[in-house]
Amino acid sequence: MPAQVEITGEIARIVLSGDLDFSIQGHLGSAIDQVLSIDIAKEIHVDMTDVTFIDSSVIRALVKLRELAITQDKALSIWNCNEQIREIFMIGGFDQMFVLH
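Residues numbered from 1 in each chain as written. Predicted model: local features only at pLDDT ≥ 70, side-chain atom pairs only at ≥ 80, totals over all residues. Heavy atoms only, no water.

1. Focus on the environment of S57
By the element assignment, S57 lies in helix α2 (residues 56-71). Taking relative accessible area as the criterion, S57 reaches 5% and is therefore assigned buried. In the structure, S57 is positioned 22 residues away from V35 in sequence and 19 Å away in space, judged by C-alpha atoms. For S57, the contacting residues outside a window of four places in its chain are D21, F22 and Q25. Side-chain polar atoms of S57 contact the side chain of Q25, separated by 3.3 Å. Of the polar contacts made by the side chain of S57, one reaches the side chain of D55; its length is 2.5 Å. (Helix = DSSP H or I, 4+ residues; strand = E, 2+ residues; numbered from the N terminus. Buried < 20%, exposed > 50% of the residue type's maximum accessible area, 1.4 Å probe, protein only. Contact = heavy atoms within 4.5 Å. Polar contact = N/O pair within 3.5 Å; in protein donor to acceptor, adjacent residues only side chain to side chain.)

Structure follows, in structure tokens:
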């Protein structure tokens with residue numbers, strides 16, 4: 001599955017994997033809805049350890065997640081991007097919008 005949710009204490013993680021494009025929007029949208037509905041979660045981590053590709057639809061979904069997280073006073077960060085994914089964030093200026101670990 002391209003998007004799974006894990007919860008550890010006050011941290012909700014969306015674990016993504018594979019080539020992520022428009023075809024996974026349903027899975028990603030469900031994961032986003034799930035982490036936002038977890039009241040005890042104060043932080044949302046998006047784990048991209050196993051992501052090999054993202055397109056603009058995934059970035060749009062992450063921007064939407066960021067906006068919704070801000071309204072719920074939840075911190076959002078993106079973890080474990082490979083060099084190619086990190087470069088995509090940097091080229092689009094999204095590295096200024098997201099905390100990348």
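2. What about the nonpolar core?
Among the nonpolar cores identified, the biggest contains 32 residues, and L16, M48, L62, L65, I78 and F89 are the most heavily contacted of them. Broken down by secondary-structure element, the contributors of at least two residues to this core are β2 (11-20), α1 (25-36), β3 (43-54), α2, β4 (75-79) and α3 (83-91). Apart from residues lying up to four places away in sequence, L65 is in contact with I14, I32, V35, L36, I44, V46 and L76. (Core = buried A, V, L, I, M, F, W, Y, C linked by side-chain atoms within 4.5 Å.)

3. Topic: the packing of aromatic side chains
Counted under the stated rule, the structure contains 1 aromatic pair. Taken together, a centroid distance of 5.9 Å and an interplanar angle of 80° make the contact between F89 and F98 edge-to-face. Grouping residues by exposure puts F89 and F98 together as buried. (Phe/Tyr/Trp six-rings, centres within 6.5 Å; stacked < 30°, edge-to-face > 60°.)

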